[in-house]
Amino acid sequence: MVKKLSFFLFMKGIRMATLLVAICFIFFLLVKNSPIDPVQAYIGADMLNVGPEQRAKIAAYWGLDQPVGVQFMNWGSAILSGDLGTSMIYRRPVADIIGERFINSLVLMLTAWVLSGVIGFILGVVAAMKKGTWLDRLIKGYCYTLASTPTFWMGLLVLIVFAVWLKWFPVGMGVPAGVLAEDVTLLDRIKHLILPAITLSILGVANVALHTRQKMIDVLQSDYILFARARGERGIVLFWRHGLRNVALPAITLQFAAFSELFGGAVLAEQVFSYPGLGQATVEAGVRGDVPLLLGLVIFSTLFVFIGNLIADLIYLVLDPRMRGGNRYAFYSRRKK
Amino acid sequence: MSILEVKNLSVSFKQYTTGMKQKELQVISDLNVNLEAGKILAVVGASGSGKSLLAHAILGVLPSNAKISGSMTYAGEELTYSRKIALRGKEIALVPQSVNYLDPLMKVGKQVRTSVRSGDPARKQKEAFERYHLTQKVEELYPFQLSGGMARRTLLSTAVVSGAKVIIADEPTPGLDPAVMKEALRHFRELADSGCAVMLITHDIDSALSIADEIAVFYAGTTVEIAPVADFTGKGEALRHPYSKALWQALPQNEFIPLPGTQPHASSLPPGCLFEPRCPWATAACRKGRPDMRELREGTVRCIHAT
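Reference entry: report on the structure contained in this document. Here the structure is a predicted model, which means the values were calculated and not measured.

**Observations concerning unusual backbone geometry**
At Lys167 of chain A, a position not held by glycine, the phi torsion is positive, near 55°. Along the polypeptide, Lys167 of chain A turns up in the loop between helix 7 (151-165) and helix 8 (186-220). The class of Lys167 of chain A is exposed, set by a relative accessible area of 63%. With a phi angle near 50°, Asn8 of chain B is a residue other than glycine that sits in the positive phi range. Within the secondary structure, Asn8 of chain B sits in strand 1 (residues 2-16). Take Asn8 of chain B: its relative accessible area is 41%, and that puts it in the partly exposed class.

**Here we look at the pairing of strand 9 (residues 214-219) of chain B**
Residues and elements named next belong to chain B. With respect to burial, strand 9 is a largely interior element, five of its six residues being buried. Pairing of strand 3 (residues 40-44) with strand 9, which is carried by four bridges, proceeds in the parallel orientation. Paired with Val43 across the bridge in strand 9 is Ala216. Where strand 9 lies against strand 10 (residues 222-228), six bridges are found, and the strand directions are antiparallel.

**Considering the pattern of salt bridges**
Residues and elements named next belong to chain B. In total, this model carries 19 salt bridges over all chains according to the counting rule given. One salt bridge in this structure joins Lys165 and Glu91, with 3.6 Å as the shortest N-O distance. Pair noted here: Lys165 is in the loop between helix 5 (148-162) and strand 7 (166-170) and Glu91 is in the loop between helix 2 (81-87) and strand 6 (92-95), with a separation of 74 residues, a long-range link. Where Asp213 meets Arg189, a salt bridge forms, and the shortest distance between an N and an O atom there is 3.4 Å. In this pair, Asp213 sits in the loop between helix 7 (205-211) and strand 9 while Arg189 sits in helix 6 (residues 178-193), placing the two residues 24 residues apart along the sequence.

**Comments concerning helix 6 of chain B**
Residue and element names in this part refer to chain B. In this model helix 6 runs 22 Å from its N-terminal to its C-terminal C-alpha over 16 residues, within 8% of the 22 Å that 1.5 Å per residue would give. If you check which residues of helix 6 are buried, you get Met181, Ala184, Leu185, His187, Phe188, Arg189, Leu191 and Ala192. Following helix 6 by one or two positions, Gly195 adopts a phi angle in the positive range, close to 110°.

**Focus on the sheet that holds strand 8 (residues 197-202) of chain B**
All names here are of chain B. Strand order in this open sheet of eight strands is 6-7-8-3-9-10-12-11, and the pairing throughout is mixed. Looking along the sheet, the strands with just one partner apiece sit at the ends: strand 6 and strand 11 (294-296). Direction aside, the axes of adjacent strands within the sheet are offset by 25° on average. Of the pairings in the sheet, the one linking strand 6 to strand 7 comprises four bridges and is parallel in character. Across the sheet, residue Leu94 finds its bridge partner in strand 7, namely Ile168.

**Some points on the side chain of Ser201 of chain A**
Tracing the sequence through the fold places Ser201 of chain A in helix 8. Residues in contact with Ser201 of chain A, not counting those within four places in the same chain, are Ala112, Leu115 and Ser116 of chain A.

**Some remarks on the interface of chain B and chain A**
Taken together, the contact pairs 35 residues of chain B with 28 residues of chain A. Inspection of the chain B/chain A interface yields zero salt bridges. Viewed at the interface, chain A and chain B are joined by eight residue pairs in polar contact (both at pLDDT 80 or more). Looking at the side of chain B that touches chain A, the elements that each hand over two or more residues are helix 1 (51-59), strand 6 and helix 5 of chain B. Class assignment of the residues belonging to the side of chain B that touches chain A gives a composition of 19 nonpolar, twelve polar and four charged.

Each value, and the rule that gives it
Residues numbered from 1 in each chain as written. Chains lettered and ligands numbered in written order. Predicted model: local features only at pLDDT ≥ 70, side-chain atom pairs only at ≥ 80, totals over all residues. Heavy atoms only, no water. Helix = DSSP H or I, 4+ residues; strand = E, 2+ residues; numbered from the N terminus. Buried < 20%, exposed > 50% of the residue type's maximum accessible area, 1.4 Å probe, protein only. Pairing = 2+ DSSP bridges. Salt bridge = Lys/Arg side-chain N within 4 Å of Asp/Glu carboxyl O. Expected span 1.5 Å × (residues − 1). Axes fitted to C-alpha atoms, helices over the stretch in contact; angles between N-to-C directions. Contact = heavy atoms within 4.5 Å. Polar contact = N/O pair within 3.5 Å; in protein donor to acceptor, adjacent residues only side chain to side chain. Nonpolar A, V, L, I, M, F, W, Y, C, P; charged D, E, K, R; others polar.

Encoded structure:
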């Protein structure tokens, strides 16, 4: 088991390394060929005061006059030594900004992730158990509506209803405006977190609920549920013993594999709510041509999604005996030894 | 003395055809069987003749779009749906077809223990495993790790530990090599000899003949004949129904003559006797209506011409 697991992790490590190199290279080429001029992005509005010679000097200082390959190697070796560069908009190391923004986003994404997972799972199970009834149709209709709703539109709707009309929550941002940083309370932060988290989780629910519903229907129609019923099991005991585990495993896996959607959703939700997280930083970096920050974010989001998928795979490997136990004749080979 | 009696059982399914049109699909019609304590009744017939559905109907585990009519009695009392729920797994146990009927994520020892209805589950499970030569390590295995024979004995253990008096075995032998199959069949004989009533559903007439007391022949969702095992001999002269005779004669070790035609599908049942379109004895009278089951020479038959 340990041997198998370490081999699995080793292979995944290699895969991650190749993925990162490929992503970095493609992204580097894209940025190189984009209309973003790093010198202009760096200098910004003072561009008029900078002459062509000065521009050339800055470009030479950064190595922009060298061939693309050399530039990539320069950048790559800096990354490998842990230096992600300095953000042009914030004038601070990229790693610091990502770290700080990630904490904000993590709270948001984690809340949304847990909420959508739990609510989606329950809705899916209930819909499947009551398949064909009005309750099932209601849940299904709700999920289909949600699944076809764009995140930003949902965000705006939530904003209008809860922030503008009902005035229950602040309109946006991570902390109240006009308050000193040290005066911001935890309650303030939570209040600002609720609407974006709700937006993000409402949309995540549909995915989990519909998948869980389908899986639960399959499980309920399975031979082993029929046999369990024939042995006199029913109701909650039947669900607890044979339904839950068989449905929970794919649901949990799905939820971890949905990290990419979570990140993508966070980008839009944070933008709508002006919430200072990773997503908003990504949009800023893109719009204002902050190449170092954008590159740092690409690497970070790649890692984030990759780790989500890795956890999903690991859960299967650890929890599902069919994956863990190896082959069908494990019993015999073990006995021979 | 019969313990479980099924009389004129009919099962139909509601099906949506085109659009919202509903259609009743009659899959079992006027079926009769009778289980007696200490005896094995083998139910034989081609695929789709309603054998498994009969088992599911007795246990009350048919899908929700199924409609059943007719009467079932257990120990002399009407077997209602609520009584089925109370009795299944306790008095009436199922031995299913394959390892797919075990929960893939639960160790088999635990699955056997959850079938115990009275007494100490751990002890009963160990006794059953010992009885069927399953080592202690098997308890800790998951269904996918079992070999065909081990799976068979594990499934049988679930029925044995429940202490049920009626055991319904649904195709318990396919895919087993002759030695393992013989052993599996012997287990059913032992159960019957210890006082259980066993219904053995199979399409393997040979294995049915080797252990059963009576054979019920199914065709297109009904019983055409119930005969003592001894009648399945020679050229089938002692058999009553033309289908039983044809089935017997089609066996390789007998005449090896196949019967032309196929069993009608539930959606296109003939109006009269269900076997009439393929029957060598068919007359105009056979098309007039479904014949009733009638007693004939120690057995029962559903044919107006049988002698």
